[in-house]
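Each chain, written out:
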Amino acid sequence: MSIALHHHNSLLTTCKTLRALTQIHASFIKSGVDTDSYFTGKLILQCSISIPNALPYARRLLLSYPHPDAFMFNTLVRGYSQSDNPQSSIPVFVEMMRKGRIFPDSFSFAFVVKAAASFRDMRTGFQLHCQALKHGLCSHVFVATTLIGLYGECGCVEFARKVFDEMPQRNLVAWNAAVTACFRGNDVVGAEEIFGEMNVRDQMSWNVMLAGYTKAGEVESAKRVFSDMPSKDDVSWSTMIVGFAHNGSFHEAFSCFRELRRGEMRPNEVSLTGVLSACSQSGAFEFGKALHGFVDKAGFSWIVSLNNALIDMYSRCGDVSLARLVFESMAEKKSIVSWTSMIAGLAMYGHGEEAIRLFNEMTESGVTPDKISFVSLLYACSHAGLIREGEDYFSKMKRVYNIEPEIEHYGCMVDLYGRSGKLQKAYSFICQMPVPPTAVVWRTLLGACSSHGDTELAEEVKKRLNELDPDNPGDLVLLSNVYATSGKWKDVASIRKSMIVNKIKKVTGWSLVEVDKAMYKFTAGEKKKGKIITEAHEKLKEIILRLKDEAGYAPEVANALYDIEEEEKEDQVSKHSEKLALAFALARCPQGASIRIVKNLRICRDCHTVMKLASRVYGVEIVVRDRSRFHSFKDGSCSCRDYW
């Protein structure tokens, strides 16, 4: 019999599929082994932990067994807590409690509390905490640590600290959990206090501080900790690179990656994704291309997440054709993120029809769209002026795919109508929304009013915004734009005065341009002295004179939002940051080389005109990524067809 039992045990250990496991279970029944608690427990363990999509079978096994023990229940609770449906672990735990003769142990509570933490259910967490107290397990280091994690995930730092402070014994895992909980609850000072009290720290302790600081935007503190670390692993490097990218410190992200490559550590999936994200946000096209080469040489090109990052990088750096090439060349099965990234890339360029074709191709391949896919698709329709198609897909969301539209989807529809000049329809759509419109939705319509010069509606929309976000400088600037375009200089002056009185500052426009794999930043109206700024201004004067002489350029002074003389207005619009970036690139780049500019605000009409004319006069392709889309200027025209 012992030989037979050993054989059954070996079969279970090597079993990898549900079909194979059901066959083994059948053989257990034939041989009578299915009544043995050890083998039933092993079956449940394999179903819960090792075999994909086998949790329902594990649950049937547990419920059909006449005398289940705590190990069987704990195993199933653990399996659900680690699954995509952690909520299902709660009913299993409740069933265990109902049995009466089976008492939960430290493992039971640790697994079920972890499940509650994963879906941030504070109410369930409180109930589980009470049950742990009732069973005398609240001070157990394993249970207490998971309770700290639960309260941290729910943002309740006070409760997390209380559990931590009442622990009679604390191991390193508990200390690290307490630091993490403080950061999750935005208590940076508390995290620093606990970290300072630690007599012993491991690699995880330092990495937790790095991650906490970068997520809190405390980049300088993260740099200090990174410098003080006794040793750095791949997680440390990845955290810093991703943290720099997340906080807009692109130059430091690139420097950190270069330093990583010079050392003994090899870049991994996370660090590469982080530095590609920095390239995407800053528009560092050449650096991104070099990274693509490294990914291929290092044998990482099969990793789906890196391909997705490359698609996003090329799309956001101004080369959607290379993004499409990466997409089409993916060896592994494309994820929903892959499809959505490509659709979003096409949307940014105004390629609405192509984005729709790709969306249909995605659904035909068996990939079900999610809510983010629809945001990208509606965005594509908006930027291509495809009103009927946008309405059709918005309707299909719920009707065909059972996806309830969220505020982002409603915002896309407002943008669709507003961009096309259907301002009243956009206003009516907002008023009929089943969810309360946010400030972002109203702001989208205000931007459309500014573009189309509808003063009356702009004033009505601003009243709505005053109720939600009264001191937003962008809203005041947009309303000021409407008044200035209409020549209502008294109203412009009134807004400017109120901004000064209330100490409200408008967002400063800036632009980034890549020259010889280095990023240069220019600010609107920049007057700093220095070789780079002086060079940009001198070159810009030459460009403006040449455009006037050879292309008949006349500055669109409506973009100068002050009641001043025409000559002063011309000088004002000539100092916009994208013009300075263009001038510097033309001065430094080889003749005919493409120029890629990233702008933090919407490009104005005068700058748009300058880019078009410069592309023809200087025979160069200029790609500008503004706040909402791409503009590819070539031979005197723009890819947006003057619709943006």
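Residues numbered from 1 in each chain as written. Predicted model: local features only at pLDDT ≥ 70, side-chain atom pairs only at ≥ 80, totals over all residues. Heavy atoms only, no water.

**Remarks on the overall build of the chain**
Move 1: Each helix and strand counted, the chain has 34 helices and six strands in total.
Move 2: Its C-alpha atoms put the chain at 100 × 55 × 55 Å along the principal axes.
Move 3: Counting across all 644 residues of the chain, residues that qualify as buried make up 50%.
Move 4: In the chain, 62% of the contacts between residues at least 6 apart in sequence involve partners at least 24 apart.
Move 5: Here the chain displays about 30,800 Å² of accessible surface, and carbon together with sulfur accounts for 52% of that area.
Move 6: If the 78 positive side-chain charges of the chain are averaged to one point and the 74 negative ones to another, these points end up 2 Å apart. (Helix = DSSP H or I, 4+ residues; strand = E, 2+ residues; numbered from the N terminus. Buried < 20%, exposed > 50% of the residue type's maximum accessible area, 1.4 Å probe, protein only. Contact = heavy atoms within 4.5 Å. Areas by Shrake-Rupley, 256 points an atom, 1.4 Å probe, with all protein chains shown as cover. Lys, Arg positive; Asp, Glu negative; His and termini not counted. Charge placed at Lys NZ, Arg CZ, Asp CG, Glu CD.)

**Some thoughts on empty space enclosed by the protein**
Move 1: If you walk through the whole model with that rule in mind, you get two cavities of 30 Å³ or more.
Move 2: By volume, the largest cavity amounts to about 60 Å³.
Move 3: If you go around the largest cavity, you meet 15 residues; those closest to its centre are Gly283, Cys317, Arg596, Ile597 and Val598.
Move 4: Among the elements of the structure, strand S1 (510-515), strand S3 (595-599) and strand S4 (622-625) are those that each provide at least two residues to the lining of the largest cavity.
Move 5: For the lining of the largest cavity, a count of residues per class yields eight nonpolar, three polar and four charged.
Move 6: In terms of domain composition, the lining of the largest cavity takes at least three residues from each of domain 1 (275-326) and domain 2 (511-638).
Move 7: Approximately 40 Å³ is the volume found for the second largest cavity.
Move 8: Lining the second largest cavity are Arg59, Leu62, Leu63, Phe73, Pro91, Val92 and Glu95.
Move 9: Contributions of two or more residues to the lining of the second largest cavity are made by helix H4 (55-64) and helix H6 (89-98).
Move 10: The residue inventory of the lining of the second largest cavity, partitioned by class, reads five nonpolar, no polar and two charged. (1 Å grid on protein atoms, 1.4 Å probe; cavity = no way out; pocket = protein on both sides within 12 Å on 5 of 7 lines; lining within 4 Å. Points joined across faces, edges and corners; volume = space filled by probe spheres on them. Nonpolar A, V, L, I, M, F, W, Y, C, P; charged D, E, K, R; others polar. Domains from an automatic or database assignment.)

**A word on the packing of aromatic side chains**
Move 1: Following the criterion strictly, the structure yields 24 aromatic pairs and no others.
Move 2: Residues phenylalanine 107 and phenylalanine 142 carry aromatic rings whose centres are separated by 5.6 Å and whose planes lie at 80° to one another, so their mutual orientation is edge-to-face. With phenylalanine 107 in helix H7 (residues 106-118) and phenylalanine 142 in helix H9 (residues 141-153), this residue pair connects regions lying 35 residues apart in the sequence.
Move 3: The exposure class assigned to phenylalanine 107 is partly exposed, which follows from its relative accessible area of 43%.
Move 4: Given the relative accessible area of 33%, phenylalanine 142 is considered partly exposed.
Move 5: Each member of the aromatic cluster is reached from another via a ring pair, and the members are Phe359, Phe374, Tyr393 and Tyr401.
Move 6: In this arrangement the basic side chain of lysine 232 is found over the ring face of phenylalanine 226, its NZ or CZ atom lying 4.9 Å from the centre.
Move 7: The ring of tyrosine 618 carries arginine 546 above its face, with NZ or CZ at 4.5 Å from the centroid. (Phe/Tyr/Trp six-rings, centres within 6.5 Å; stacked < 30°, edge-to-face > 60°. Lys NZ or Arg CZ within 6 Å of the ring centre and 35° of its normal.)

**So, the pairing of S1**
Move 1: A large share of S1 lies buried, amounting to five of its six residues.
Move 2: Pairing of S1 with strand S2 (residues 518-523), which is carried by six bridges, proceeds in the antiparallel orientation. Counterpart to valine 515 in the pairing with S2 is alanine 518.
Move 3: Taking the residues between adjacent antiparallel strands as the criterion, S1 and S2 are bridged by two residues, where aspartate 516 takes a positive phi near 55°.
Move 4: Note that S1 and S3 share three bridges and pair antiparallel. Paired with leucine 512 across the bridge in S3 is valine 598. (Pairing = 2+ DSSP bridges.)

**Re the packing of helix H5 (residues 70-81) against H6**
Move 1: At a minimum axis distance of 8 Å, the contact between H5 and H6 shows a crossing angle of 165°. Between H5 and H6, the angle is such that the two are roughly antiparallel. Here H5 and H6 pass one another in a crossing that is left-handed. Residues Ala70, Phe73, Asn74, Leu76, Val77, Tyr80 and Ser81 of H5 touch H6, and the partners they reach there are Ser89, Val92, Phe93, Glu95 and Met96.
Move 2: Here the residues of the contact of H5 with H6 sort into eight nonpolar, three polar and one charged. (Axes fitted to C-alpha atoms, helices over the stretch in contact; angles between N-to-C directions. Parallel < 35°, antiparallel > 145°, perpendicular 65-115°, else oblique. Left-handed = near helix turned anticlockwise from the far one by under 90°.)

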